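# Notes for the structure review
Here's the letter readout for the chains.
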Amino acid sequence: MDRLFRLKPHEQAVVQLILLAWTVVVLFPIGTAVLNSLKPNLGEVYKAPFALPSAWSFDNFAEAWVGANFQAYFINSVVISGASVLLVSLCAAAAAFVLVRMPFRGSAFIFGCFMLGVVIPIRLALAPLFVIVKTLGLLDSLVGIILVQSASMMPVAVFILTAFLRSVPAELEEAARMDGALPFEIFWRVVLPLIRPALATVALLTFVSAWNEYFLPLIFLRTESSFPITLGIAQFRLQFDVQWHLMFAGILIMLIPTIVAFLLASRQFIAGLTQGGVKE
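Keep in mind the model is a prediction, meaning the values are calculated, not measured. (Residues numbered from 1 in each chain as written. Predicted model: local features only at pLDDT ≥ 70, side-chain atom pairs only at ≥ 80, totals over all residues. Heavy atoms only, no water.)

### As for the side chain of Thr-230
To keep things clear, this is the line we draw: The numbering of helices and of strands both runs from the N terminus, where a helix is a DSSP run of H or I of at least 4 residues and a strand a run of E of at least 2. Whether a residue is buried, partly exposed or exposed follows from its accessible area with a 1.4 Å probe, protein chains only, as a fraction of its type maximum: under 20%, in between, or over 50%, in that order. Throughout this description, a polar contact denotes any pair of N or O atoms lying within 3.5 Å of each other; where both atoms belong to protein, one of them has to be capable of donating a hydrogen while the other can accept it, and for residues adjacent in sequence the pair is counted only when both atoms sit in side chains. Whether two residues are in contact is decided by their heavy atoms, any of which lying within 4.5 Å being enough.
By the element assignment, Thr-230 lies in helix 12 (residues 229-240). When its relative accessible area of 7% is taken as the criterion, Thr-230 is described as buried. At 2.7 Å, the side chain of Thr-230 forms a polar contact with the backbone oxygen of Glu-213. Discounting residues that sit within four places of it in the chain, Thr-230 has contacts with Trp-211, Asn-212, Glu-213, Tyr-214 and Met-254.

### Details of the pattern of salt bridges
Test applied: A pair is scored as a salt bridge if a Lys or Arg side-chain nitrogen falls within 4 Å of a carboxyl oxygen belonging to Asp or Glu.
The full count for this structure, using the stated rule, is three salt bridges. Arg-123 is the partner of Glu-213 in a salt bridge, and the nearest nitrogen-oxygen pair spans 3.3 Å. In this pair, Glu-213 sits in the loop between helix 10 (196-212) and helix 11 (215-220) while Arg-123 sits in the loop between helix 5 (107-119) and helix 6 (126-135), placing the two residues 90 residues apart along the sequence. For Arg-123, a relative accessible area of 43% gives the class partly exposed. With a shortest N-O distance of 3.3 Å, Arg-177 and Glu-174 are connected by a salt bridge. A residue pair is termed a helical-turn pair when its members lie 3 or 4 positions apart in one helix, as Arg-177 and Glu-174 do in helix 8 (residues 171-178) at three residues.

### A word on the nonpolar core
The condition that has to hold: To qualify as a nonpolar core, a set must consist of buried Ala, Val, Leu, Ile, Met, Phe, Trp, Tyr and Cys residues joined through side-chain atoms within 4.5 Å.
Phe-70, Phe-220, Ile-229 and Phe-236 are the most contacted members of the largest nonpolar core, which totals 37 residues. The element that contributes the greatest number of residues to this core is helix 13 (residues 244-275), accounting for nine residues. Those residues in contact with Phe-70 that lie beyond four places of it in its chain are Ala-64, Trp-65, Ile-229, Gly-232, Ile-233, Phe-236, Gly-250 and Ile-253. The next biggest cluster of nonpolar side chains, apart from the first, holds 30 residues, and it includes Ala-92, Ala-95, Val-158 and Val-168.

### Here's the deal with helix 6
Residues separated by three or four positions in an α-helix point in the same direction, a consequence of the helix having 3.6 residues per turn. Basically, it comes down to this: Taken from the helix axis, the directions to the C-beta atoms give the arc we talk about.
For helix 6, the complete set of buried residues consists of Leu-126, Leu-129 and Val-133. The buried residues of helix 6 occupy an angular sector of 65 degrees when the element is viewed end-on, so they sit on one face. Looking at helix 6, the residues exposed on the side facing more than 90 degrees away from the buried face are Ala-127, Lys-134 and Thr-135. Lining the buried residues of helix 6 we find helix 7 (142-166) and helix 11.

### Details of the packing of helix 8 against helix 9 (residues 183-194)
The criterion, for reference: The axes are straight lines fitted to the C-alpha atoms, using for helices just the contacting stretch, and the angles between their N-to-C directions are given from 0 to 180°. Angular relationships are summarised with four words: roughly parallel below 35 degrees, roughly antiparallel beyond 145, roughly perpendicular across 65 to 115, and oblique for the angles in between. Two helices crossing with the near one rotated counterclockwise from the far one by less than a right angle form a left-handed crossing, whereas a clockwise rotation gives a right-handed crossing. Three residue categories are used. Nonpolar comprises Ala, Val, Leu, Ile, Met, Phe, Trp, Tyr, Cys and Pro, charged comprises Asp, Glu, Lys and Arg, and polar comprises the others, including Gly.
Where helix 8 contacts helix 9, the axes come no closer than 10 Å and their chain directions differ by 165 degrees. With respect to helix 9, the element helix 8 is oriented roughly antiparallel. The two elements helix 8 and helix 9 meet at a crossing, and its hand is right-handed. Along the contact surface, helix 8 presents Leu-172, Glu-173, Ala-176 and Arg-177, while helix 9 presents Ile-186, Val-190, Val-191 and Leu-194. Residue composition of the contact of helix 8 with helix 9, grouped by class: six nonpolar, no polar and two charged.

### Examining the environment of Leu-90
The topology assignment puts Leu-90 in helix 4 (residues 70-101). Measuring from C-alpha to C-alpha, the distance between Leu-90 and Ala-203 comes to 10.0 Å, with 113 residues separating the pair along the chain. Each residue touching Leu-90, except ones within four places of it in the same chain, is listed here: Phe-187 and Trp-188.

### Focus on the packing of aromatic side chains
Going by this rule: Each Phe, Tyr or Trp ring (for Trp, its six-membered ring) is paired with any other whose centre lies within 6.5 Å, and the angle between the two planes then decides the class: stacked below 30 degrees, edge-to-face above 60, tilted in between.
The final tally for this structure, using the stated rule, is nine aromatic pairs. Between Phe-28 and Phe-50, the ring centres sit 5.5 Å apart and the planes meet at 35 degrees, which makes this aromatic pair tilted. Highlighted residues: Phe-28 in helix 1 (residues 9-37) and Phe-50 in the loop between helix 2 (42-47) and helix 3 (59-67), separated in sequence by 22 residues. A connected cluster of aromatic rings, assembled from ring pairs, spans Trp-65, Phe-74, Phe-207 and Trp-211.

### Some points on helix 1
Note the threshold: Here a helix's expected span is defined as the number of its residues, less one, multiplied by 1.5 Å.
Here helix 1 spans 41 Å end to end across 29 residues, near enough to the 42 Å set by a 1.5 Å rise per residue. For helix 1, every residue scored as buried is listed here: Thr-32, Ala-33, Leu-35, Asn-36 and Ser-37.

### Some remarks on a nonpolar patch on the surface
Short version of the rule: Like charges within 9 Å and nonpolar side chains (Val, Leu, Ile, Met, Phe, Trp, Tyr) within 5 Å are joined into patches, using only residues over 30% in relative accessible area that form no salt bridge. Each accessible area is a Shrake-Rupley result for a 1.4 Å probe, and residues are judged covered by the shown protein chains and nothing else.
A surface patch of nonpolar side chains, amounting to about 540 Å² of accessible area, comprises Trp-22, Val-25, Val-26, Leu-27, Ile-30 and Val-34. Its place among the elements puts Ile-30 in helix 1. Accessibility expressed as a relative area gives 32% for Ile-30, which makes it partly exposed.

If you want it as structure tokens, here you go:
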């Protein structure tokens with residue numbers, strides 16, 4: 001396939017220089033956090049924040065994990081993020097399947113409502129959402145925050161999956177229907193495997209959003225035992241004050257799952273974002 005853009009050598013050099021500069025901008029804070037998390041005491045952080053540690057110490061991670069109760073915050077975030085990924089992926093896939101393959105009167109209106117959810121931040125509906133969650137008795141519970149965060153990601157997930165599903169030919173589904181398959185069987189056995197790249201994109205975006213969310217748990221959670229890792233970082237700072245070497249260790253513990261998730265799903269993530277815009 002011919003290249004869409006043919007760059008001259010000096011243009012390639014400029015592009016590579018920009019990408020290299022952006023790489024440095026992204027990696028520099030992470031590298032600084034890694035160096036300071038391995039320093040044995042706070043004095044080294046203040047004295048030479050960008051220098052190598054005089055003695056490499058991994059005890060900071062253990063102290064942050066155990067001393068600041070990070071394991072409990074970590075488990076809560078795993079539960080919230082995992083449940084949100086599962087709920088959003090299944091519900092958004094089912095909604096996209098119905099909207100694209102089984103259109104009905106009012107389906108365009110429903111899709112428009114989802115698109116409004118993309119452009120309107122959930123924080124604008126925070127007051128009525130808080131009342132609903134409190135009325136249902138889900139305030140200060142993991143179930144409540146899972147439902148809220150899943151609802152906040154549903155519009156984007158439906159948008160991605162409908163765009164992807166429209167680019168997928170319907171011949172396999174028609175063949176399954178002619179063989180007597182029910183709509184649910186077509187959805188589960190035919191459609192879900194076909195939209196796997198888009199599902200990976202939705203799952204990754206949902207996981208990163210749920211894992212890094214601070215504002216919604218701050219509003220809907222009250223008990224420290226239910227706090228996710230983002231609120232745990234705030235509690236951690238209150239407990240250790242300015243112990244920055246421990247703080248950096250806690251931040252890296254928080255970053256590791258999102259980095260691992262993106263590395264594992266990066267290929268599917270890119271395919272899901274690009275293939276939906278290509279007509280077969």
